[in-house]
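Secondary and tertiary structure notes
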Amino acid sequence: MRELVTFFQFLLAVSVMLGSGLGVIFGFVLGPSKMMSQPCSNFHETISYGFYSVYGPLLGLKGVLLQKFLGFGETFAGICVFVGVWLDVVGIIGAVPAIPKHLMQGMVIVSAIGLIAEMGVATALQHRLSEFADEDSSDDEEPDEVEVKVAGKNIKKLYIPAFYLVSLTLFVFIRIWAFYPKGPFTQTLTNLMSFSLLLLAGFMVLHVHDH
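What you see is a predicted model, and the numbers here were worked out from it, not measured in a lab. Residue numbers here run from 1 along each chain, matching the order of that chain's written sequence. Where totals are concerned, whole chains, interfaces and linings use all residues; where local detail is concerned, this predicted model gives features only for residues with pLDDT of at least 70, and gives and counts side-chain atom pairs only at 80 or more. In computing side-chain values, all of the structure's heavy atoms are included and hydrogens and water are not.

**Digging into the overall build of the chain**
In this description a helix means any DSSP run of H or I spanning at least four residues, a strand means any run of E spanning at least two, and both kinds are numbered starting from the N terminus. Looking only at helices and strands, one finds six helices and two strands in the chain. The contacts of the chain with a sequence gap of at least 6 include a subset with a gap of at least 24, amounting to 77%. Accessible area of the chain: about 12,700 Å², with a carbon and sulfur share of 70%. Two residues form a contact once any of their heavy atoms are found within 4.5 Å. Each accessible area is a Shrake-Rupley result for a 1.4 Å probe, and residues are judged covered by the shown protein chains and nothing else.

**Topic: helix H5 (residues 159–178)**
The end-to-end C-alpha distance of H5, which contains 20 residues, comes to 29 Å, matching closely the 28 Å that a straight helix rising 1.5 Å per residue would cover. For H5, the full list of buried residues reads Pro161, Tyr164, Ser167, Leu168, Phe171, Val172, Ile174 and Arg175. Projected down its long axis, H5 carries its buried residues within an arc of 160 degrees, all on one side. Facing away from the buried side of H5, by more than 90 degrees, are the exposed residues Phe163, Val166, Phe173 and Trp177. Working rule for helices: expected span equals 1.5 Å times residues minus one. For each residue, the accessible area found with a 1.4 Å probe, counting protein chains only, is set against the maximum for its type, and the residue is called buried under 20%, exposed over 50%, and partly exposed in between. Summarising the geometry, the arc corresponds to the directions from the helix axis toward the C-beta atoms.

**A word on the packing of aromatic side chains**
Under the pairing criterion, centres of Phe, Tyr and Trp rings, with the six-membered ring standing for Trp, must be within 6.5 Å; the plane angle then separates stacked pairs below 30 degrees from edge-to-face pairs above 60, leaving the rest tilted. Within the structure shown, the criterion is met by six aromatic pairs. Members of the aromatic cluster, joined through ring pairs, are Phe7, Phe10 and Trp177.

**Observations concerning the pattern of salt bridges**
Any carboxyl oxygen of Asp or Glu that lies within 4 Å of a side-chain nitrogen of Lys or Arg is treated as forming a salt bridge with it. Within this structure, the stated rule accounts for two salt bridges. In this structure, the salt-bridge partner of Glu74 is Lys34, at a minimum N-O distance of 3.1 Å. Here the residue Glu74 occupies a position in helix H3 (residues 63–93), and Lys34 occupies one in helix H1 (residues 2–35), the gap between them amounting to 40 residues.

**So, the nonpolar core**
Among buried residues, those of type Ala, Val, Leu, Ile, Met, Phe, Trp, Tyr and Cys that are joined through side-chain atoms within 4.5 Å constitute a nonpolar core. Membership of the largest hydrophobic core comes to 25 residues, with the highest contact counts inside it found for Leu22, Phe26, Tyr164, Leu168, Phe171 and Ile174. Counting residues per element, the ones that place at least two in this core are H1, H3, helix H4 (98–136) and H5. Among the elements that line this core, the one with the most residues is H1, at eight residues. Residues contacting Phe171, with those up to four places away along its chain left out, are Ser15, Leu18, Gly19, Leu22, Val81, Val85, Val108 and Ala112. Tyr55, Leu58, Ala117 and Ala201 belong to the second largest nonpolar core, which has 11 residues in total.

**Details of the side chain of Ser194**
Mapped onto the elements, Ser194 comes out in helix H6 (residues 184–209). Judged by its relative accessible area of 7%, Ser194 falls in the buried class. Polar contacts here mean pairs of N or O atoms no more than 3.5 Å apart (in protein, one a potential hydrogen donor and the other a potential acceptor; neighbouring residues in sequence count only if both atoms are side-chain atoms). Polar contacts involving the side chain of Ser194 include one to the main-chain carbonyl oxygen of Thr190, which spans 2.7 Å. Residues in contact with Ser194, not counting those within four places in the same chain, are Ile109, Val110 and Ile113.

**A short note on a nonpolar patch on the surface**
Nonpolar side chains collect at one region of the surface, where Val24, Phe28, Val29, Ile79 and Val83 lie side by side and expose about 390 Å² of accessible area between them. Put simply, the parts of the chain that give the nonpolar patch at least two residues each are H1 and H3. Turning to its location among the elements, Ile79 is positioned in helix H3. Ile79 sits in the partly exposed class, given a relative accessible area of 35%. Like-charged residues within 9 Å of one another, or nonpolar side chains (Val, Leu, Ile, Met, Phe, Trp, Tyr) within 5 Å, are grouped into patches, provided each residue has over 30% relative accessible area and no salt bridge.

Spelled out as structure tokens, the structure:
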């Protein structure tokens, strides 16, 4: 029995660490930066240019609206994940009502799966852009691979959504295993919303590869 409790505490710790990091990145950095009306840095200008000139046309959507929509979604999902993992800690320390607790556990899973869906589409977009670069390059010329500086090191831009995708997938597995909501209504709502987001992402990925 002691081992089970210890293992649960380990999963709780990993969930809080992953959820806090991802929540801060999406809820307080990436999401708000997409919703800003006026550019305040080169980072924001780069994001706006990408949505207006690249991602929007590839998906057949208006770049500005896509940027604002994803910004709002990332902000909401990030805050939901951040609050949700710390609510688990509060639930251990003190009493948390069952209904909001289970509902929040479900929304954490839905939010994380929504971010997974977005990162999956982003990865597909980066692959499609790489294919365009290969097609435009001559046989003797290597296509330029876009790199960004992270923590003082240059890494391929393609790796960024893939990194988030792996981190979010691990987080979702932990949440489903140890923190899946109880109650038929909450479970059904969680499953339907998660499935809908994945279905929408799959449709968008197919749309990207068809264009």
